[in-house]
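Take a look at the letters that make up each chain.
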Amino acid sequence: MDSSQDKTALGQQIETNLNSIVDIAEKWLSRLRRRRKQVKLASAFLTTLLVLVGLAAVSVGYIVDQYSVSFFHDHPILILTLLGTIAVIAILCGVLSYFVQGRKQDASLNELGNLISQMKQRNTGSLTSPDVLSITEKILTLLPEVVRKRNQDSFLFGILAFVITILPAKLPLAILIGVLVWLYFRYEMNKGYDKEISRFDEQRKQFEQRKQEFMETL
Amino acid sequence: MTSNLERPDLYVVARFLDVLYRNGSAMKKTNIQMLLGVNYPRFTEYLEWMLQHRLVLETDEDKVDRIALSPKGIEAYHRFVDWIKETLESAKI
């Protein structure tokens, strides 16, 4: 093979690599979008559950305190209406949280999506290495943003503990147990969150380090 | 010739390599500068840095100063693209 054939082969290899980087980036984008959707659904579900349990607990507590346990038996339609209203409110809160939460992350994902589709629309051979470098940087920046913060989970556990305890025990003890359960799970979940975030930070640091190393090898 | 650049931007270096690689032959400085999208003093700093690291060569075709990619520059460009691909493939969620 002569030198011009060598050059052509190398040039083709570069083009293939650049195009495959865009394909990999596209796969990453769909993974990130899927993950983001899962996070949003989980948060919406937990919000629904939290509002449902919270409002139901307050209502039941109020009825038991003001009237008696027989109130539930005596007014079934009223109780069903109340539970139905609480359920509707909880579902609305869940739907609202699905659409409201994480708009910043959604915007970043859309930005990445636009960048990738712009590159795919270009003519073959016009893809540049700085383009693919910027896509890679964007993906590595977005990774920590799709990790779910689990603040709601711990709060839900705290409320559940409160509801379970208030039935046999007194209010101060139920509050104490609820708060303790909430704090414990908050600590554990924050620990897990920090661990996951630090894993992505490490990946990002490695990338920056390798960028530096690459410059040093030039 | 010594460069004043202490920490060159990888994006500019990559674009520099990219422009020359795609063109395939030696280019006039002003053309490179325009394609890089940097001002002339900045371009001169990067050019000096690239020359100092022997990534590009100065040629004198038709008595016009031109810049071409050196074999080391070509190799660096290949390594750069391979590295990005590898980074993206090895990233984990």
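Predicted model, so just to flag it, every value in this text is computed and none were measured. (Residues numbered from 1 in each chain as written. Chains lettered and ligands numbered in written order. Predicted model: local features only at pLDDT ≥ 70, side-chain atom pairs only at ≥ 80, totals over all residues.)

## Things to note about the overall build of chain B
Quick reminder of the rule: Helix numbering and strand numbering both begin at the N terminus, where a helix is a DSSP run of H or I of at least 4 residues and a strand a DSSP run of E of at least 2. Think of it as a crowd count around each C-beta: if 20 or more other C-beta atoms lie within 10 Å the residue is buried, if 12 or fewer it is exposed, and in between it is partly exposed, with C-beta placed from the backbone throughout. What counts as a contact is two residues whose backbone-derived C-beta atoms lie within 7 Å of each other.
Counting its secondary structure elements, chain B contains four helices and three strands. In chain B, the succession of helices and strands from N to C terminus is α-β-α-α-β-β-α. Seen through its principal axes, chain B has C-alpha atoms that stretch 55 × 25 × 20 Å. With 93 residues in all, chain B has 28% of them scored as buried. Summarising the internal contacts of chain B: among those between residues at least 6 apart in sequence, 62% fall at separations of at least 24.

## Thoughts on the overall build of chain A
Rules: Our radius of gyration looks at C-alpha atoms and nothing else; its globule reference is 2.2 Å times the residue count to the power 0.38.
Across its full length, chain A carries seven helices and zero strands. What you see for chain A is a C-alpha radius of gyration of 27 Å, clearly larger than the 17 Å of a compact globule of 218 residues, by over 25%. By its C-alpha atoms, chain A is 95 × 35 × 25 Å across when sized along the principal axes. Pairs at least 24 apart in sequence give 82% of the contacts found in chain A among residues at least 6 apart.

## Considering the nonpolar core
Convention followed: For the purposes of this analysis, a nonpolar core is taken to be any set of buried Ala, Val, Leu, Ile, Met, Phe, Trp, Tyr and Cys residues that are connected through C-beta atoms within 7 Å.
Ranked by size, the top nonpolar core spans 44 residues in total, and within it Ala25(A), Ile139(A) and Leu17(B) carry the most contacts. Every element with two or more residues in this core is listed here: helix H1 (3-66), helix H4 (103-121), helix H5 (129-142) and helix H7 (171-217) of chain A together with helix H1 (10-23), helix H3 (40-52), strand S3 (64-69) and helix H4 (71-90) of chain B. When residues of this core are assigned to their parent elements, the largest contribution, eight residues, is made by H1(A). Once you skip the residues sitting within four places of it in the chain, Ile139(A) turns out to touch Ala25(A), Trp28(A), Leu112(A), Leu88(B) and Ala91(B). Counting five residues, the second largest nonpolar core, distinct from the first, contains Ala161(A), Phe162(A), Ala174(A) and Trp182(A).

## A closer look at the confidence of the model for chain A
Convention followed: Confidence per residue, as judged by the predictor, is encoded in pLDDT with a range of 0 to 100.
Of all residues in chain A, 93% attain a pLDDT of 70 or more, and the chain-wide mean is 83. Confidence, expressed as mean pLDDT per element, reaches its minimum in chain A at H4(A) with 79 and its maximum at helix H3 (residues 76-100) of chain A with 93.

## A closer look at the domain arrangement of chain A
Residue and element names in this part refer to chain A. This is how the line gets drawn: Segment limits for the domains were obtained from an automatic or database-derived domain assignment. Throughout this entry, Asp, Glu, Lys and Arg are counted as charged residues, while Ala, Val, Leu, Ile, Met, Phe, Trp, Tyr, Cys and Pro are counted as nonpolar. The remaining residues, Gly among them, count as polar.
What the domain assignment reports for chain A is domain 1 (1-148) and domain 2 (150-218). If you average the C-alpha positions of domain 1 and of domain 2, the two centres end up 19 Å apart. With 14 residues of domain 1 at the contact, the number on the domain 2 side is 17 residues. Sorting elements by how many residues they give to the side of domain 1 that touches domain 2 places H1 first, with nine residues. Of the residues assigned to the side of domain 1 that touches domain 2, the class counts are nine nonpolar, four polar and one charged.

## A few points about the interface of chain B and chain A
Taken together, the contact between chain B and chain A spans 21 residues of the former and 25 residues of the latter. Elements supplying a minimum of two residues to the side of chain B that touches chain A: H1 and H4 of chain B. Here the side of chain B that touches chain A takes 11 residues from H4(B), the largest share from any one element. Class assignment for the residues of the side of chain B that touches chain A results in 13 nonpolar, three polar and five charged.

## So, the environment of Arg66(B)
Position of Arg66(B) among the secondary structure elements: in strand S3. Sequence-distant contacts of Arg66(B), defined by excluding residues within four places in its chain, comprise Ala26(B), Met27(B), Lys28(B), Thr59(B) and Glu61(B).

## Observations concerning the environment of Ile91(A)
You can see Ile91(A) is positioned in helix H3. Along the primary structure Ile91(A) and Glu15(A) are separated by 76 residues, whereas in three dimensions their C-alpha atoms are 50 Å apart.

## Focus: the pairing of S3(B)
Residue and element names in this part refer to chain B. For clarity, the cut-off: For two strands to be treated as a pair, DSSP must find at least two bridges joining them.
Here two bridges tie strand S1 (residues 27-28) to S3, and the two strands are oriented antiparallel to one another. Residue pairing across strands places Lys28 opposite Arg66, the latter belonging to S3. Judged from the six bridges that link them, strand S2 (residues 56-61) and S3 form a sheet pairing that is antiparallel. In the sheet register, Asp60 faces S3, and the bridge partner there is Asp65. Between S2 and the antiparallel strand that follows it, S3, lie two residues; Asp62 among them carries a positive phi value of about 50°.

## Some remarks on the packing of H5(A) against H4(B)
Here is the rule: Fitting a line to C-alpha atoms yields each axis, with helices limited to the stretch in contact; the angle taken between N-to-C directions then spans 0 to 180 degrees. Angular relationships are summarised with four words: roughly parallel below 35 degrees, roughly antiparallel beyond 145, roughly perpendicular across 65 to 115, and oblique for the angles in between. Two helices cross in a left-handed way if the nearer one is turned anticlockwise from the farther one by less than a right angle. They cross in a right-handed way if the turn is clockwise.
The interhelical angle for the contact between H5(A) and H4(B), taken along N-to-C directions, is 25°, at an axis separation of 10 Å. With respect to H4(B), the element H5(A) is oriented roughly parallel. Crossing geometry of H5(A) relative to H4(B) is assigned as left-handed. Only Phe80(B), Val81(B), Ile84(B), Thr87(B) and Leu88(B) of H4(B) make contact with H5(A), whose side of the interface consists of Ser129(A), Val132(A), Leu133(A), Thr136(A) and Ile139(A). Looking at the contact of H5(A) with H4(B) residue by residue, the class counts come to seven nonpolar, three polar and no charged.

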